[in-house]
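Each chain is listed here by its residues.
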Amino acid sequence: MDTETTPAPFERLELRVGPHTYDALAAGPADGELVLLLHGWPEFADSWSAVLPALSAAGYRAVAVDQRGYSPGARPAQIADYAVPELVADALAFADSQGADRFHLVSHDWGGLVAWALAGAHPERLKSLSVLATPHPEALNRAAAGDSEQHHRLDYVRFFRSDDHSAEAALLADDAARLRAAYGGKVPAHLVEGNVRRLAEPGALTATLNWYRAPASVISVPAGRITVPTLFLWGSEDIALGRVAAESTGEWVDGPYTFEELAGASHWLPEEVPGLVTPKILDHLKTYA
């Protein structure tokens, strides 16, 4: 774990899953209900820094993990090692490591895609699902096929999927100017600097971009219908994930479902508006404890 960017109040954990070791931040009582938090790209576990204290104060055991490719001890070499079933298996193993048969899952961005897939395939493991920014993959796929605006919003994904490492070179050029710009000025500077420094380590950025390269096509993420209680929060100013996909996500949820649009908020909900999202997450967890 990068101690320079680890907030002092949090515990630092190492989770062993098969041959890999994952760094994690934890807060809250050891016997509290587990809330597992999955970050997106280009983020780490500390993207949840402003959310974890509230979960802890409410009595939950909150664990946010630097996922596959982000933890230095979990960077397999093959693109296939970053396929969604592998990422889902990691998330289940994280919960297993905490002794949780059932748990609450909170996610953002790519973590949300993993969460949708996990919830569809393993509903028996979840007490509740909270997804920030990321529509259900089938809703996103349909929107990209039928809405030219959403199709072009995903042009960056097509660029990231190139296998000649041109994406890595472009993102890190000029002191990582393009990587820094990805946050749109919505993420606190200390988090941006920590992210950039860690992603500039040899092999790190390639490993994280392999999440985009592993699927067969741009958004071919396997995710079934959702039966667990689900909260979906979406910012109206999200430049990557548009309204069509966000508003149609409920068509794929058969269980209790709450969708809230956060007017004026961008894609970076955990870092930009934690004061808005955290109470909504807590209400959802309390309802479906």
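As the structure is a computational prediction, the values presented were derived from the model and not from experiment.

Of regular secondary structure, the protein chain possesses twelve helices and eight strands. For the protein chain, the spread of C-alpha atoms along the three principal axes comes to 45 × 45 × 35 Å. The buried share of the protein chain, taken over its 289 residues, is 56%. A separation threshold of at least 6 residues defines the contact pool for the protein chain, and within that pool the share at least 24 residues apart is 75%. Here the protein chain has roughly 11100 Å² of accessible surface; of this, 53% comes from carbon and sulfur atoms. Looking at charge distribution, the protein chain has the averaged site of its 22 positive side-chain charges lying 2 Å from that of its 38 negative ones.

Let's shift gears to the pattern of salt bridges. In total, this model carries 18 salt bridges according to the counting rule given. Asp-155 is paired through a salt bridge with Arg-158; the nearest N and O atoms lie 2.8 Å apart. Of this pair, Asp-155 and Arg-158 both sit in helix α6 (residues 155–160), three residues apart, roughly one helical turn. For Asp-155, a relative accessible area of 35% corresponds to the partly exposed category. The exposure class of Arg-158 is partly exposed, given its relative accessible area of 29%. Measuring nitrogen to oxygen at the nearest pair gives 3.0 Å for the salt bridge that ties Glu-247 to Arg-243. With Glu-247 and Arg-243 both in helix α10 (residues 243–248) and four residues apart, the pair spans about one turn of that helix. The structure contains a network of salt bridges with shared partners spanning Asp-46, Asp-66 and Arg-198.

Of the voids in this model, the largest pocket is the one considered here, and its volume is about 410 Å³. Around the largest pocket, the lining comprises 21 residues; the ones closest to its centre are Tyr-156, Ala-182, Ile-239, Ala-240 and Trp-268. Of all the secondary-structure elements, those providing two or more residues to the lining of the largest pocket are α6 and α7 (166–181). Residues that form the lining of the largest pocket fall into these classes: 13 nonpolar, three polar and five charged.

So, about empty space enclosed by the protein. On inspection of all chains with the given rule, the structure shows two cavities of 30 Å³ or more. Roughly 170 Å³ of volume is contained in the largest cavity. Among the residues forming the lining of the largest cavity, the class breakdown is 13 nonpolar, one polar and one charged.

For the rest of this paragraph, the subject is unusual backbone geometry. The omega torsion of the bond from Trp-41 to Pro-42 falls at -10°, within 30 degrees of zero and hence cis. Structurally, Pro-42 can be placed in the loop between β3 (34–38) and α1 (52–57). Phi is positive for His-165, which is not a glycine, with a value near 65°. If you trace the backbone, His-165 turns up in the loop between α6 and α7. With relative accessibility at 42%, the residue His-165 sits in the partly exposed group. One non-glycine residue, Ala-176, adopts positive backbone phi at about 60°. Within the secondary structure layout, Ala-176 lies in helix α7.

This structure, assessed with the given rule, holds 14 aromatic pairs. Taking the centre distance of 6.2 Å and the plane angle of 45° together, the rings of Phe-159 and Phe-160 count as tilted. Judged by its relative accessible area of 5%, Phe-160 is buried. Members of the aromatic cluster, joined through ring pairs, are Trp-41, Phe-44, Tyr-70, Trp-110, Tyr-156, Phe-159, Phe-160, Trp-211 and Tyr-212. The aromatic ring of Phe-44 is capped on one face by Arg-198, whose charged end is 3.9 Å from the ring centroid.

Moving on, we come to the nonpolar core. Counting 73 residues, the largest nonpolar core has Trp-41, Phe-103, Leu-105, Trp-110 and Leu-129 as the members making the most contacts within it. Contacts of Phe-103, omitting those with residues within four sequence positions, involve Leu-34, Leu-36, Leu-92, Ala-95, Arg-125, Leu-126, Lys-127 and Ser-128. Core analysis: the next-biggest nonpolar cluster, separate from the first, contains 24 residues, Phe-10, Leu-55, Leu-233 and Val-273 among them.

As a further point, take the sheet that holds β3. Read from one edge to the other, the open sheet built from eight strands follows the order β1-β2-β4-β3-β5-β6-β7-β8, with strand pairing classed as mixed. Pairing within the sheet leaves two strands with one partner each, and these edge strands are β1 (11–17) and β8 (257–262). Ignoring strand direction, the axes of neighbouring strands in this sheet form an average angle of 20°. Sheet topology note: the strand β2 (residues 20–27)/strand β4 (residues 61–65) ladder contains four bridges and is antiparallel. Bridge pairing in β4 links Ala-26 to Val-63. Strand contacts of helix α3 (residues 110–121): β3, β5 (103–108), β6 (126–132) and β7 (230–235), with the helix running at about 145° to β5, the strand carrying the most contacts. Along the sheet, helix α12 (residues 274–287) makes contact with β3, β5, β6, β7 and β8, crossing β6 at roughly 160°.

About the criteria used
Residues numbered from 1 in each chain as written. Predicted model: local features only at pLDDT ≥ 70, side-chain atom pairs only at ≥ 80, totals over all residues. Heavy atoms only, no water. Helix = DSSP H or I, 4+ residues; strand = E, 2+ residues; numbered from the N terminus. Buried < 20%, exposed > 50% of the residue type's maximum accessible area, 1.4 Å probe, protein only. Contact = heavy atoms within 4.5 Å. Areas by Shrake-Rupley, 256 points an atom, 1.4 Å probe, with all protein chains shown as cover. Lys, Arg positive; Asp, Glu negative; His and termini not counted. Charge placed at Lys NZ, Arg CZ, Asp CG, Glu CD. Salt bridge = Lys/Arg side-chain N within 4 Å of Asp/Glu carboxyl O. 1 Å grid on protein atoms, 1.4 Å probe; cavity = no way out; pocket = protein on both sides within 12 Å on 5 of 7 lines; lining within 4 Å. Points joined across faces, edges and corners; volume = space filled by probe spheres on them. Nonpolar A, V, L, I, M, F, W, Y, C, P; charged D, E, K, R; others polar. Phe/Tyr/Trp six-rings, centres within 6.5 Å; stacked < 30°, edge-to-face > 60°. Lys NZ or Arg CZ within 6 Å of the ring centre and 35° of its normal. Core = buried A, V, L, I, M, F, W, Y, C linked by side-chain atoms within 4.5 Å. Pairing = 2+ DSSP bridges. Axes fitted to C-alpha atoms, helices over the stretch in contact; angles between N-to-C directions.

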